[in-house]
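# Analysis of the macromolecular model
The lines below spell out each chain.
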Amino acid sequence: MLGKLIKNEFKSTAHSMFGVFLAAGITFVIMLVVFLFKVKSLMTLSSVVLGAIAVAVLVITLFSIITMFNKSLYGAQGYLSFTLPVTGKQLLASKTIVSLIWVSISFLFAIAVTVFLVVYWVAQTSDSIKQVVHSIYEMLQNMEGMPDPQTAIKVLTAVVVALFVKALFLIFKVAFSLAIANTKPFQKYNPIFIAILVYIAIYLVLTVGNVCAAYIPVYLAIGSSGVGLTINEAVIGLPDSANIFMQMPILGYVFEIIVCSLLYVATGNIMTNHVNIK
């Protein structure tokens, strides 16, 4: 049943993203045509438009997530959603998974646009694909502090996991806020206004927890010889002579993972037992 919910959610949200991705595709084609004729002004304009579209994708994704939770659960469609033979946690899980997919697509698109624009402008001074690749490789090599490929992969993996946790944290805060706003005690007020107030309250409370965690000196340490932890000046899991490329505060992310679990359980229970559909 969860698979069917995910499939239906993905279909229902795809239409809101189709237009912006279509605009991006058309811009890509225009940029390639302009590149052949070397029209500098149009190249600059199309690059700005593509960058703006990448930002628009991220913004539209955020609003689509909010709309998906609000309309499909607490609007007219909510009557159908809550009569399905599934629990509130299953409904929440399906919407969370679809939201994460769209967030991932949006971030990948933004990264792809950034890489494309770099290649696009480097290509102005190169005559072949090989020269473009060689120019970019030299540019990266000349950047100070660039790690070796193995260390770079570890850093990229850590960054992706961190972004995943942040995205999940955002989705669950939105879901919890909307669920609280649509319980009977608050429905005499504007649900969106209440949801915003609840979100701000959650944000302030959890920010205190994150700030406290940041003052505890536990870091994920990534070096050429592996991955470990640093506590104060002590290094765990890495040789004492290891060359550490990056240190990332880790307790804040552990705190957010714990809070995500609590918000998931709390929101699922509210959706099952306390939500009042108008």
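The rules behind the values
- Residues numbered from 1 in each chain as written.
- Predicted model: local features only at pLDDT ≥ 70, side-chain atom pairs only at ≥ 80, totals over all residues.
- Heavy atoms only, no water.
- Helix = DSSP H or I, 4+ residues; strand = E, 2+ residues; numbered from the N terminus.
- Buried < 20%, exposed > 50% of the residue type's maximum accessible area, 1.4 Å probe, protein only.
- Contact = heavy atoms within 4.5 Å.
- Areas by Shrake-Rupley, 256 points an atom, 1.4 Å probe, with all protein chains shown as cover.
- Core = buried A, V, L, I, M, F, W, Y, C linked by side-chain atoms within 4.5 Å.
- Phe/Tyr/Trp six-rings, centres within 6.5 Å; stacked < 30°, edge-to-face > 60°.
- Lys NZ or Arg CZ within 6 Å of the ring centre and 35° of its normal.
- Salt bridge = Lys/Arg side-chain N within 4 Å of Asp/Glu carboxyl O.
- Pairing = 2+ DSSP bridges.
- Expected span 1.5 Å × (residues − 1).

Attention shifts here to the overall build of the chain. Helix and strand counts for the chain come out as eight helices and four strands. In the chain, the succession of helices and strands from N to C terminus is α-α-α-α-α-α-α-β-β-β-β-α. Expressed as a percentage of its 278 residues, the buried residues of the chain come to 37%. Summarising the internal contacts of the chain: among those between residues at least 6 apart in sequence, 73% fall at separations of at least 24. Accessible area of the chain: about 16100 Å², with a carbon and sulfur share of 73%.

With that out of the way, let us pick up the nonpolar core. If you look at the biggest cluster of nonpolar residues, it comprises 49 residues, and the most contacted ones within it are F69, F109, F176 and M271. At the level of secondary structure, the elements contributing two or more residues to this core comprise α1 (2-37), α2 (40-74), α4 (88-122), α6 (149-181), α7 (191-214) and α8 (251-273). For this core, the element with the most residues is α6, which contributes twelve residues. One finds V155, A158, L220 and M248 within the second-largest nonpolar core, a separate group that totals seven residues.

Scanning the model with the defined rule gives one aromatic pair in all. The ring of F169 is capped by K173, whose NZ or CZ atom sits 4.4 Å from the centre of that ring.

This brings us to the pattern of salt bridges. The final tally for this structure, using the stated rule, is one salt bridge. Among the ionic pairs, E256 bridges to K166, the shortest N-O distance being 2.8 Å. Of this pair, E256 sits in helix α8 while K166 sits in helix α6, and the two are 90 residues apart along the sequence. Note on E256: relative accessible area 1%, which makes it buried. By relative accessible area, K166 is classed as partly exposed at 38%.

With that settled, consider the pairing of strand β2 (residues 226-231). On β2, burial follows the alternation: G226, G228 and T230 on one face are buried, whereas V227, L229 and I231 on the facing-out side are not. Here six bridges tie strand β1 (residues 218-223) to β2, and the two strands are oriented antiparallel to one another. The partner of A221 across the bridge, within β2, is G228. Remark: two residues form the turn of the hairpin made by β1 and β2, two consecutive strands paired antiparallel. Relative to strand β3 (residues 234-236), β2 runs antiparallel, the two sharing three bridges. What sits directly across from T230, in β3, is V235. Between β2 and β3, which pair antiparallel and follow one another directly, the connecting turn spans two residues, one of which, N232, has a positive phi of 55°.

Attention now goes to the environment of V34. Following the sequence through the fold, V34 ends up in helix α1. Judged by relative accessible area, V34 falls into the buried class, the value being 8%. Separated by twelve residues in sequence, V34 and S46 have C-alpha atoms that sit 8.7 Å apart.

The first and last C-alpha atoms of α8 sit 33 Å apart over 23 residues, in line with the 33 Å expected at 1.5 Å per residue. For α8, the complete set of buried residues consists of G252, E256, V259, C260, L263, T267, G268, I270 and M271.

For the rest of this paragraph, the subject is the side chain of T96. With respect to the helices and strands, the residue T96 is situated in helix α4. Here T96 falls in the buried class, since its relative accessible area comes to 5%. Among all residues touching T96, those that are not within four sequence positions of it are F69, L168, I171 and F172.

Any functional reading would require information beyond the geometric quantities listed.
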